[in-house]
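# An overview of the molecular structure
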Amino acid sequence: MTNTQTLEKPQAAKRGMLDNVLEQFNSAADKIDLNPNVRKILSITNTEIIIHFPVRMDNGNVEIFTGYRVQHNNALGPYKGGLRYHPTVDIDAARALAMWMTWKTSLAGLPYGGAKGGIQIDPSKYSKGELERITRRFTYALGENIGPEHDIPAPDVNTNDQTMAWIADTYMSTKSTSERSKNQHVVTGKPVGSGGLEGRDRATGYGVFLTIKFWAEKNNQSLNGKTFIVQGFGNVGYWAAHFLENEGAKMVGVQDAFGSLQNQEGIAVEDLFNYGKANSGSIVGFPEAEAMNGKEFFGLECDICIPAALGNQITKENANSIKATLIAEGANGPTDVEGEKILLDRGVTIIPDIMCNSGGVIGSYFEWLQNRNGELWQLDEILEKLEKKLRSTYKKVTAYSEEKGIDMRTAAFAIAIERIEKAYVLRGIFP
Ligand code: NAD
């Protein structure tokens, strides 16, 4: 474990996300004339953990894995953020994603800070038993660097409720018998029936849908008949598409890690979901749509574009080809700074990630409260609370952006940063 003084220069190939989040932060900080000492604190991460750990494979060999947990800031409460299993996970990705979590939890008005982490791994190459041992060993190695009142992981790319159940069980197993049940909220996104929240599975995608609905309401538009494309048909992409389709919108393009599909007549969301489940999670070969060149995906004719996969997908290379007039950022950091400038100049509206996909962390907060208080909440009550919270954030961000004449991302960052600045100014710096 290291406490950073400065961020190392990022590797060239992965420069994007960290540069983007810092640029977004500095641009909002300039707008609000952020206290210079607070700017220094928020420009770097609090704690960075890199762990190399051995795991026995099914064939008896031992493999060494590398896991990361970066804790950016905890001025407002315990660190909170997902764990990602992907080959692109490295220290820079974890830093960038941890920073976005700090702004996201602050903007949502939650009593949390921001963290992120994961393992540099392609999980499709490992058996379920191997993934369980990898997860449990990583959890054990993290030790007290995570904890229900300290740092609370959640699912992200290629991790799910099963992964969270393994983490919770491993962490709780390290406690004395009488303490175990008090530690269930060490992770959120657990399976319902094992401390999970009804509806946490759909919370992020539902939130993405809600922010699109709020945009439509504000602009006197109907979602019925609108066309949309989704990049990433996993937890976030699928649920966002599901709720949009329920509202009468039509999915005309979809892309996952394996291929891209289009059909201007519409792609039935549930049919594709069921096809994917029976096809090792891949959309490739779905008979009711046409395969297309992935490079042309973002140029598809549509009203709404939902990037819900990885970071840095919309850049100066493809921003000009985008036909959608609304981009709803389901993923974290899907639009880089240069891509965003092109889109804003063209009058495209971007619902920024830290608001658009915040339904997930809001759902996680509800799960954490539920566990902490020994309660069980009902689905309709949860979705209602989520909508209320997100609606109030959406109103705040749009009002701020209109008042100051700035784009929604800068407004969202400004509100988030001001809340943390206030905490620091009130509290002061020890000693
Ligand atoms: P997931 O693993 O469930 O799904 C990811 C999807 O993206 C899969 O369909 C995968 O095939 C696809 N994908 C991967 N690489 C791709 C590529 N290069 N091109 C196109 N598609 C690709 O992950 P998720 O939980 O849905 O997360 C998606 C995004 O949403 C991530 O950026 C994540 O950080 C963000 N997010 C997730 C949550 C959550 O609650 N799960 C909350 C907030 C933000």
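Keep in mind the model is a prediction, meaning the values are calculated, not measured.

On a plain count of helices and strands, the protein chain comes out with 13 helices and twelve strands. Computed over the C-alpha atoms, the radius of gyration of the protein chain is 21 Å, within 12% of the 22 Å expected from 2.2 N^0.38 for a compact globule of 431 residues. Here the protein chain holds 431 residues, and 58% of them are scored as buried. Restricting the contact set of the protein chain to residue pairs at least 6 apart, pairs at least 24 apart contribute 69%. Of the roughly 18000 Å² of accessible surface on the protein chain, 48% is carried by carbon and sulfur atoms. With 46 positive and 52 negative side-chain charges, the protein chain shows a spacing of 5 Å between the two charge centroids.

Spatially, five strands are ordered β1-β2-β4-β3-β5 in an open sheet, and the strand pairing comes out mixed. Two strands in the sheet have a free side with no partner beyond their single neighbour: β1 (47-56) and β5 (151-155). Sheet twist, expressed as the mean angle between neighbouring strand axes with direction ignored, is 20 degrees. As paired elements, strand β3 (residues 79-85) and β5 share five bridges and run parallel to each other. Bridging from a neighbouring strand, Gly-81 pairs with Pro-153 of β5.

So, on to the packing of aromatic side chains. For the structure shown, the criterion picks out 20 aromatic pairs. Ring geometry for Phe-297 versus Phe-298: centroids 5.5 Å apart, planes at 70 degrees, classification edge-to-face. Like Phe-297, the residue Phe-298 is buried in the burial classification. In this structure, Lys-404 packs its charged tip against the face of Tyr-400, placed 5.4 Å from the ring centre.

Attention now moves to the site of the ligand. Near the ligand, the surroundings consist of 24 residues, among which Asp-156, Asn-158, Thr-204, Ala-309 and Asn-332 are the closest. In the environment of the ligand, an oxygen atom lies 2.9 Å from a nitrogen or oxygen atom belonging to the backbone of Val-236. In this structure, an oxygen atom belonging to the ligand sits 2.7 Å away from a main-chain N or O atom of Ala-309. Alone, the ligand offers 830 Å² of accessible surface; in the complex the protein occludes 85% of this. Among the residues forming the shell around the ligand, the class breakdown is nine nonpolar, ten polar and five charged. Two domains each provide a minimum of three residues to the shell around the ligand, namely domain 1 (45-196) and domain 2 (202-356).

The strand order β9-β8-β7-β6-β10-β11-β12 describes an open sheet built from seven strands, whose pairing is mixed. One side of each edge strand has no neighbouring strand; the edge strands of this open sheet are β9 (290-291) and β12 (349-351). Note: strand β11 (residues 326-328) against β12, three bridges, orientation parallel. From the neighbouring strand, Ile-327 faces β12, where its bridge partner is Ile-350.

Another aspect to go through is the domain arrangement of the protein chain. For the protein chain, the assigned domains are domain 1 (45-196) and domain 2 (202-356). On a C-alpha basis, the centres of domain 1 and domain 2 stand 27 Å from each other. On the side of domain 2, seven residues touch domain 1, which itself brings ten residues to the contact. Both faces considered, domain 1 and domain 2 share a buried interface measuring about 720 Å² in area, 64% of it formed by carbon and sulfur atoms. When residues of domain 1 are sorted by the area they lose upon contact with domain 2, Trp-100, Lys-104 and Leu-107 head the list and together hold 58% of the total. At the boundary of domain 1 and domain 2, one finds zero salt bridges. Applying the counting criterion to the domain 1 and domain 2 interface returns one residue pair in polar contact (both at pLDDT 80 or more). The biggest single contributor to the side of domain 1 that touches domain 2 is helix α3 (residues 91-107), with five residues. Taken together, the residues of the side of domain 1 that touches domain 2 break down into five nonpolar, one polar and four charged.

Cut-off values and rules
Residues numbered from 1 in each chain as written. Predicted model: local features only at pLDDT ≥ 70, side-chain atom pairs only at ≥ 80, totals over all residues. Heavy atoms only, no water. Helix = DSSP H or I, 4+ residues; strand = E, 2+ residues; numbered from the N terminus. Rg over C-alpha atoms; globule rule 2.2 N^0.38 Å. Buried < 20%, exposed > 50% of the residue type's maximum accessible area, 1.4 Å probe, protein only. Contact = heavy atoms within 4.5 Å. Areas by Shrake-Rupley, 256 points an atom, 1.4 Å probe, with all protein chains shown as cover. Lys, Arg positive; Asp, Glu negative; His and termini not counted. Charge placed at Lys NZ, Arg CZ, Asp CG, Glu CD. Pairing = 2+ DSSP bridges. Axes fitted to C-alpha atoms, helices over the stretch in contact; angles between N-to-C directions. Phe/Tyr/Trp six-rings, centres within 6.5 Å; stacked < 30°, edge-to-face > 60°. Lys NZ or Arg CZ within 6 Å of the ring centre and 35° of its normal. Near = heavy atom within 4 Å. Polar contact = N/O pair within 3.5 Å; in protein donor to acceptor, adjacent residues only side chain to side chain. Nonpolar A, V, L, I, M, F, W, Y, C, P; charged D, E, K, R; others polar. Domains from an automatic or database assignment. Buried area = accessible area lost by both parts, 1.4 Å probe. Salt bridge = Lys/Arg side-chain N within 4 Å of Asp/Glu carboxyl O.

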